[in-house]
Amino acid sequence: MKKILYAALALFVAACGTARSVKDVELERLPEGKILVVYFSESPNKNTQTVAAWIHEAVGGDIQGIEAVNPYSGSYRQILNRAREEFRNNIHPEIKPFEKNVADYDIIFIGSPIWFNTYAPPVATFLANNSFEGKIVVPFCTHGGGGAGNFYDDIRKNAIGASEVKPGFTARGSNQIERRIGRGTKNKISKNDVAVWLNEVFDAF
């Protein structure tokens, strides 16, 4: 009985310690310059939007979602079938006009779910529509189990004119089963993980 009580107490202490560590992680510094967080988030769980919101909460600045004029709809399979055709035919789907002007910012965070080993087609449209001349680009992504794929290499290739592309953040999102039960990024990472990454990124400025 004592062993069970001690084990329960140990778990309680460990849990409390974890909670404190999440609260204790703060940004050590912010670089100078105007910041914009840009993201595309399609899934019902809004995994990429979740990470984008945590970044925005930590760094301030402005935030803007990428929205396709023709929204992705239907089942997950139907969405991926459409995306596959867009990739095969090098189609950049039309996106809604941006309220924010990328030219007005110095640091641009760009986030996307991973579709077919890279960013979603609306993100390709965003990259093609904007110049990143002299900007610092900070990428981040979410995935359903396959990792970041070519995402970071493709950002470097297509953020035309960027003065630097910083190391990115990769978060586990949700697979098809997890989607159905409402589990996603919030169940796998926390603001703490984002803050740790941001400190590493900003330490290199």
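Owing to the predicted nature of the structure, the values given are computational and were not obtained by experimental measurement.

Description of the overall build of the chain
Broken down by element type, the chain carries seven helices and seven strands. Reading the helices (α) and strands (β) of the chain from amino to carboxyl end gives α-β-α-β-α-β-β-α-β-α-β-β-α-α. Expressed as a percentage of its 205 residues, the buried residues of the chain come to 41%. Of the roughly 11200 Å² of accessible surface on the chain, a fraction of 50% belongs to carbon and sulfur atoms.

Side note on helix 5 (residues 151–158)
Residues Phe151, Tyr152, Asp154 and Ile155 constitute the buried set of helix 5. Down the axis, helix 5 shows its buried residues gathered within 160° of arc, on one side only. In the core, the buried residues of helix 5 are packed alongside strand 3 (107–115), strand 4 (118–119), helix 4 (121–129), strand 5 (136–143), strand 6 (164–165) and strand 7 (169–172).

What to know about the environment of serine 43
Note that serine 43 resides in the loop between strand 1 (35–39) and helix 2 (47–59). Using a relative accessible area of 7% as the deciding quantity, one classes serine 43 as buried. Distance from serine 43 to serine 73, taken between C-alpha atoms, is 9.9 Å for residues 30 residues apart in sequence.

Observations regarding helix 4
For helix 4, the buried fraction is high: seven of the nine residues fall into the buried class. Turning to helix 4, its buried residues number three or more, namely Pro121, Pro122, Val123, Ala124, Thr125, Phe126 and Leu127. Considering only its buried residues, helix 4 is in contact with strand 1, helix 3 (76–88), strand 3, strand 4 and helix 5.

Here's the deal with the packing of helix 2 against helix 7 (residues 191–203)
The N-to-C vectors of helix 2 and helix 7 enclose an angle of 60°; their axes lie 10 Å apart at closest approach. Accordingly, the angle class assigned to the pair helix 2 and helix 7 is oblique. Between helix 2 and helix 7 lies a crossing of right-handed hand. Judged by residue contacts, Val51, Trp54, Ile55, Glu57, Ala58 and Val59 of helix 2 engage Lys191, Val194, Trp197, Leu198 and Phe202 from helix 7. For the contact of helix 2 with helix 7, the class distribution of residues is nine nonpolar, no polar and two charged.

Topic: the side chain of serine 112
Along the chain, the position of serine 112 falls in strand 3. Within polar-contact distance, the side chain of serine 112 engages the backbone nitrogen of alanine 120 at 3.0 Å. Those residues within four positions of serine 112 in sequence are excluded, and the remaining contacts are Phe40, Thr48, Tyr119, Ala120, Val123, Phe140, Cys141, Thr142 and Phe151.

A short note on unusual backbone geometry
In this model, phenylalanine 116 sits at a positive phi of 55°, which is unusual for a non-glycine residue. By secondary structure assignment, the location of phenylalanine 116 is in the loop between strand 3 and strand 4. Positive phi is not limited to glycine here, since asparagine 117 has a value of about 70°. Note on placement: asparagine 117 falls in the loop between strand 3 and strand 4. Taking relative accessible area as the criterion, asparagine 117 reaches 44% and is therefore assigned partly exposed.

Comments concerning the pairing of strand 5
With eight of eight residues buried, strand 5 is to be regarded as a mostly interior element. Here strand 5 shows a buried face lined by Ile136, Val138, Phe140 and Thr142 and a second buried face lined by Val137, Pro139, Cys141 and His143. Bridging between strand 3 and strand 5 involves seven bridges; their strand directions are parallel. Bridge pairing in strand 5 links serine 112 to cysteine 141.

Some details on the pairing of strand 7
Alternating positions in strand 7 separate cleanly, Phe169 and Ala171 being buried on one face and Thr170 and Arg172 remaining unburied on the opposite face. Bridge count for strand 5 against strand 7 is four bridges, and the pairing is parallel. Pairing of histidine 143 across the sheet is with arginine 172, part of strand 7.

Looking at the packing of aromatic side chains
This model, assessed by the stated rule, comprises eleven aromatic pairs. Here the aromatic cluster, defined as three or more aromatic residues joined through ring pairs, consists of Phe40, Tyr72 and Trp115. Over the ring of tyrosine 105 we find lysine 34, and its NZ or CZ is 4.9 Å from the ring centre. The ring of tyrosine 72 is capped by arginine 82, whose NZ or CZ atom sits 3.7 Å from the centre of that ring.

Conventions adopted
Residues numbered from 1 in each chain as written. Predicted model: local features only at pLDDT ≥ 70, side-chain atom pairs only at ≥ 80, totals over all residues. Heavy atoms only, no water. Helix = DSSP H or I, 4+ residues; strand = E, 2+ residues; numbered from the N terminus. Buried < 20%, exposed > 50% of the residue type's maximum accessible area, 1.4 Å probe, protein only. Areas by Shrake-Rupley, 256 points an atom, 1.4 Å probe, with all protein chains shown as cover. Arc of directions from axis to C-beta. Contact = heavy atoms within 4.5 Å. Axes fitted to C-alpha atoms, helices over the stretch in contact; angles between N-to-C directions. Parallel < 35°, antiparallel > 145°, perpendicular 65-115°, else oblique. Left-handed = near helix turned anticlockwise from the far one by under 90°. Nonpolar A, V, L, I, M, F, W, Y, C, P; charged D, E, K, R; others polar. Polar contact = N/O pair within 3.5 Å; in protein donor to acceptor, adjacent residues only side chain to side chain. Pairing = 2+ DSSP bridges. Phe/Tyr/Trp six-rings, centres within 6.5 Å; stacked < 30°, edge-to-face > 60°. Lys NZ or Arg CZ within 6 Å of the ring centre and 35° of its normal.

Distances and angles like these do not, on their own, reveal function.
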